[in-house]
Amino acid sequence: MSSQSTSGSRTVHDVSCGRSLRERILGKAGAPEPVPAALVAVIAAEIQAHCGHRRLKCRRLAIGWTVAQGVAAAHQLVEDENLTKIGMSERSWKDWEAGVLPSPDYQDLLCRLFTTHPVELGFARDYSPAPAADGTGPLWSGHGPDGTLPKGETTRAGAGPRTFTEVEATKRRAAVKLAGLAMAAPAAAAQILEEAAAEAMEFTRQAEATALGSGTLDHLDLAVTEFNHAYSLKPPKAVFDAVMGYRRKVNGLLQAKRTHRQERELMAFAGWLSELLAWLAHDLGDARTGLAFATDAFVQGQQAGHGQLCAWAMDAAASINLYGQRPAKARNAALKGLAEAPAGHPLTVRLHAQAARAAAADGDADGFTTAFQAAQDAHQLLPPRSPRRFGMDVLPLADYALTPYPATSFIWLGQADQARHHAEQALATYEAAPEASRSPSREAIARIDLALAHAQLGSPDDAIALGHQALDSARVVDSVRHRAGDLTTFLTRRYPRQAAVEGLCERLTAATAARTALPAAPSGT
């Protein structure tokens, strides 16, 4: 049995130990299904005493859930009981299990989910006197013998008369049903139970009823993987059309009969497709459409309980806002993404670097320094093995953010020497990448950053040459044209009479005119 040490001398067992305890206790109890709430409480207490986990984690293990299943169950409870929509993610749940106190609203939701009170989940302390030896003293839970609070306790518990009227009505209905079964003749009781068994089978059939084919979700996973690989290799217009077709199909599947698990998976696929559409719209020069899809990806991620998807969506929104000259919105998007990104994920590096770049665009040198230092610190804390996104290693995205982002930032802050240094590093990094993973558009932007640095340092010929090399790229997307526009604007202002500058301007104008227009998105997307 593996274990790990925490603060002091406390030893916390691996979760497999808690699962084993649960199985043993359930076995001795005859494996009841569903497991009664009282037995869940007993299992949780045993796991806490033996394994040393905090109470919330013990309760989850006693139910038999993973963190992902717990988050999904919470979202389902919100939907079933028509509660206020939530943004709960696996990351926030893990923080709570580690000792971070949830907000009162989330405490209430978790107590509803586990059908218990805050003390049982470790959110509050119980100061009731210990029970007397004869058992007549105040109970630890503060409940009366009939399951209600003793008189005088309702005010302190924040419960009004209506609350207890509803509770009592529910208890009476349940009691009438149980009494009817107990008083029935044996044959009638058997008939009631037989009918109940048939109902249970129908409940199960309805829960599993779905219009989705057995391979639909696997097909979507493969399609999203292929689209992500095609993003940097094929023309944005062609990829946009194909991805948009799949996004419409997923929207149709969400309207059809499906299980709750399938609904969450479909929402996640919808979010991933919208996140990719946001980048493609950005590449095609339509910021409004890009931001609309970034917002949709974030919302789909929230509904699916997928914090990482939410963070990727905000990464796209940060870039789109930045190129749209909205640095404050770009910074807010990066910070919103950081609130959702998993700890220790390369995406945290990228989002901190996005916030740094936005600060530089806003002329905030101190803000840039602070955010970029946070990006460097996050990079040093990355684990040895990098996670993958649809089969692709995402660590290079963190590495790249530490070289081209500061190059662009130093251009905006007027620090040409620093900009040249980082732009040269970025260009060397991109050119050294394996052919299959090279990004022509990133290389083009690095050349433009280097060109701007040379222009600021008084070398227009080098700047013009680099500008032409950037426009020679196989993927001159809108971000490349936008940055090339910054270069030609600066060169025209600094060197107005040079024919070579006019030539670069004419070439950029031709490239802009030749871009393929983005098709209008259908209403309701």
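Overview of the structure. None of the values given here were measured: they were computed from a predicted structure.

Quick notes on the rules
- Residues numbered from 1 in each chain as written.
- Predicted model: local features only at pLDDT ≥ 70, side-chain atom pairs only at ≥ 80, totals over all residues.
- Heavy atoms only, no water.
- Helix = DSSP H or I, 4+ residues; strand = E, 2+ residues; numbered from the N terminus.
- Buried < 20%, exposed > 50% of the residue type's maximum accessible area, 1.4 Å probe, protein only.
- Contact = heavy atoms within 4.5 Å.
- Areas by Shrake-Rupley, 256 points an atom, 1.4 Å probe, with all protein chains shown as cover.
- Salt bridge = Lys/Arg side-chain N within 4 Å of Asp/Glu carboxyl O.
- Axes fitted to C-alpha atoms, helices over the stretch in contact; angles between N-to-C directions.
- Parallel < 35°, antiparallel > 145°, perpendicular 65-115°, else oblique.
- Left-handed = near helix turned anticlockwise from the far one by under 90°.
- Phe/Tyr/Trp six-rings, centres within 6.5 Å; stacked < 30°, edge-to-face > 60°.
- Expected span 1.5 Å × (residues − 1).
- Arc of directions from axis to C-beta.
- 1 Å grid on protein atoms, 1.4 Å probe; cavity = no way out; pocket = protein on both sides within 12 Å on 5 of 7 lines; lining within 4 Å.
- Points joined across faces, edges and corners; volume = space filled by probe spheres on them.
- Nonpolar A, V, L, I, M, F, W, Y, C, P; charged D, E, K, R; others polar.

### Digging into the overall build of the protein
Broken down by element type, the protein carries 24 helices and 4 strands. Considering the protein as a whole, with its 525 residues, one finds that 43% of them fall into the buried category. Long-range contacts, defined here as pairs at least 24 residues apart, represent 64% of the contacts in the protein between residues at least 6 apart. Total accessible area on the protein stands at roughly 27200 Å², and carbon and sulfur atoms take up 55% of it.

### Observations concerning the pattern of salt bridges
When charged atoms on two side chains of opposite charge get close, those side chains can pair. According to the stated counting rule, one finds 19 salt bridges in the structure shown. Residue Glu81 is joined to Arg112 by a salt bridge in which the shortest nitrogen-to-oxygen separation is 3.3 Å. Of this pair, Glu81 sits in the loop between helix H4 (67-80) and helix H5 (90-97) while Arg112 is found in helix H6 (residues 104-114), placing the two residues 31 residues apart along the sequence. Taking the shortest distance from any N to any O, the salt bridge between Arg447 and Glu443 comes out at 3.8 Å. One end of the pair is Arg447 and the other is Glu443, both in helix H21 (residues 440-456) and 4 residues apart, which spans about a single turn.

### Description of the packing of helix H16 (residues 346-361) against helix H17 (residues 365-380)
It is the contact of H16 with H17, at a shortest axis distance of 8 Å, that shows an interaxial angle of 165°. Taken together, H16 and H17 sit at an angle that is classed as roughly antiparallel. When you trace H16 past H17, the crossing you get is left-handed. Two secondary-structure elements touch here, H16 through Thr348, Val349, His352, Ala353, Ala355, Ala356, Ala359 and Ala360 and H17 through Gly367, Phe368, Ala371, Phe372, Ala374, Ala375, Ala378 and His379.

### With respect to the packing of aromatic side chains
What the rule picks out here adds up to 9 aromatic pairs. Measuring from ring centre to ring centre gives 6.5 Å for Phe240 and Phe293, while their planes differ by 75°; the resulting arrangement is edge-to-face. A residue pair is termed long-range when its members are at least 10 positions apart, and Phe240 in helix H11 (residues 236-255) and Phe293 in helix H13 (residues 287-304) qualify at 53 residues. Here Phe240 falls in the buried class, since its relative accessible area comes to 2%. Of the residues examined, Phe293 reaches a relative accessible area of 4% and is grouped as buried. Relative to Phe390, the ring of Trp272 lies with its centre 5.1 Å away and its plane at 85°, an arrangement referred to as edge-to-face. Here Trp272 is found in helix H12 (residues 260-283), whereas its partner Phe390 is found in the loop between strand S3 (388-389) and strand S4 (392-393), with 118 residues between them in sequence.

### A word on helix H1 (residues 15-28)
With 14 residues, H1 should reach 20 Å at 1.5 Å per residue; the first-to-last C-alpha distance of 20 Å fits that figure. Listing the buried residues of H1 in full gives Cys17, Gly18, Leu21, Arg22, Ile25 and Leu26. Buried residues of H1 fall within an arc of 165° about the axis and therefore sit on the same side. Downstream of H1 by one or two residues, Gly30 has phi in the positive range, about 90°.

### Some remarks on the layout of surface pockets
Counted as a void, the second largest pocket has a volume near 1000 Å³. In this structure, the second largest pocket is lined by 39 residues; those nearest its centre are Tyr231, Ser232, Leu397, Ser439 and Arg442. With 5 residues, the top contributor of residues to the lining of the second largest pocket is H12. A breakdown of the residues in the lining of the second largest pocket according to their chemical character gives 16 nonpolar, 11 polar and 12 charged.

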